[in-house]
Amino acid sequence: SLSTFEPLDCPELMHGMGDSLCVSRMQLVMNELGCASLALGFELQGSGNFGDNTMATVIFFQERFGLASNGVFGPDSQAAANQAAAAGVIDCLPK
C-alpha cells in the first residue's frame, strides 16, 4: 500500500537492462501510478527486465509529467515518480 511506500533509490535505468530489482520496483510504481495501464492497456509484470513495454510506459510517464521523454528513467523521473506515489496519484498525472 502507499502508506508503506518506499521511495525508489536507484541508478539510471534504461532499455535493455535485465534481471534488476530496481527495474522491477520501478515497473510496479508505474503500475501503481496508473501509467502502465494508460500507456499500454495492461500493467507491467514487474519482471525486472526493461524492454519495449517498460520503455513505452516510461516515455508516457515522462510526457505526462513534463520531463525529458527519452525513455531513460534517471534522477528527474525517479524524483517525480516518488513524489507522485507519495501523493497517491492513480491517473498518471502530477497532483
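Keep in mind that what you see is a predicted model, and the values were worked out from it rather than measured.

K.L.:
Would you mind going over the packing of aromatic side chains with me for this structure?
P.N.:
How two aromatic rings sit relative to each other is given by the distance of their centres and the angle of their planes. Inspection of every chain in the model, using the stated rule, returns two aromatic pairs. Consider the rings of Phe61 and Phe65, whose centres lie 4.7 Å apart with planes at 35 degrees: the pair is tilted. Phe61 sits in the buried class, given a relative accessible area of 0%. The class for Phe65 is buried, based on a relative accessible area of 14%.

K.L.:
Where do I start with the state of the cysteines in this structure?
P.N.:
Put plainly, two cysteines are in a disulfide when a covalent bond ties their sulfur atoms together. Within this structure, the stated rule accounts for two disulfides. Each sulfur of the disulfide joining Cys35 and Cys92 lies 2.0 Å from the other. Its torsion about the S-S bond being 100 degrees, the disulfide of Cys35 and Cys92 is classed as right-handed. One end of the pair, Cys35, is in helix H2 (residues 35-40); the other, Cys92, is in the segment after helix H4 (75-86), and 57 residues separate them in sequence. Residue Cys35 is classed as buried on the basis of its relative accessible area, which comes to 0%. The connectivity of the disulfide-linked cysteines in the protein, indexed sequentially, is 1-2, 3-4.

K.L.:
Please explain the side chain of Asn82 as it appears in this structure.
P.N.:
Of note, Asn82 is situated in helix H4. Looking at Asn82, the relative accessible area reads 15%, which means it is buried. A polar side-chain atom of Asn82 sits 2.8 Å from the main-chain amide nitrogen of Leu8. In contact with Asn82, other than residues within four places in its own chain, are Phe5, Pro7 and Leu8.

Here is what the cut-offs are and how they apply
Counting of residues starts from 1 at the beginning of each chain's written sequence and follows it residue by residue. Given that the model is predicted, a residue must reach a pLDDT of at least 70 before its local features are reported, and side-chain atom pairs must reach 80 or more before they are shown or counted; all residues, however, enter totals for whole chains, interfaces and linings. Hydrogens and water molecules were not included; the side-chain quantities draw on all heavy atoms of the structure. Aromatic pairs are defined between Phe, Tyr and Trp rings, using the six-membered ring for Trp, whenever the two ring centres lie within 6.5 Å; interplanar angles under 30 degrees are classed as stacked, those over 60 as edge-to-face, and all others as tilted. A simple rule labels every residue: compare its accessible area, found with a 1.4 Å probe on the protein chains alone, to the largest value its type can have, and call it buried under 20%, exposed over 50%, or partly exposed in between. Sulfur atoms of two cysteines make up a disulfide when they are within 2.5 Å. The numbering of helices and of strands both runs from the N terminus, where a helix is a DSSP run of H or I of at least 4 residues and a strand a run of E of at least 2. Distance and chemistry together define a polar contact, namely a pair of N or O atoms within 3.5 Å, with one atom able to donate a hydrogen and the other to accept it when in protein, and with adjacent residues in sequence counting only for side-chain atoms on both sides. Working rule for contacts: check all heavy atoms of both residues, and any pair within 4.5 Å makes them a contact.

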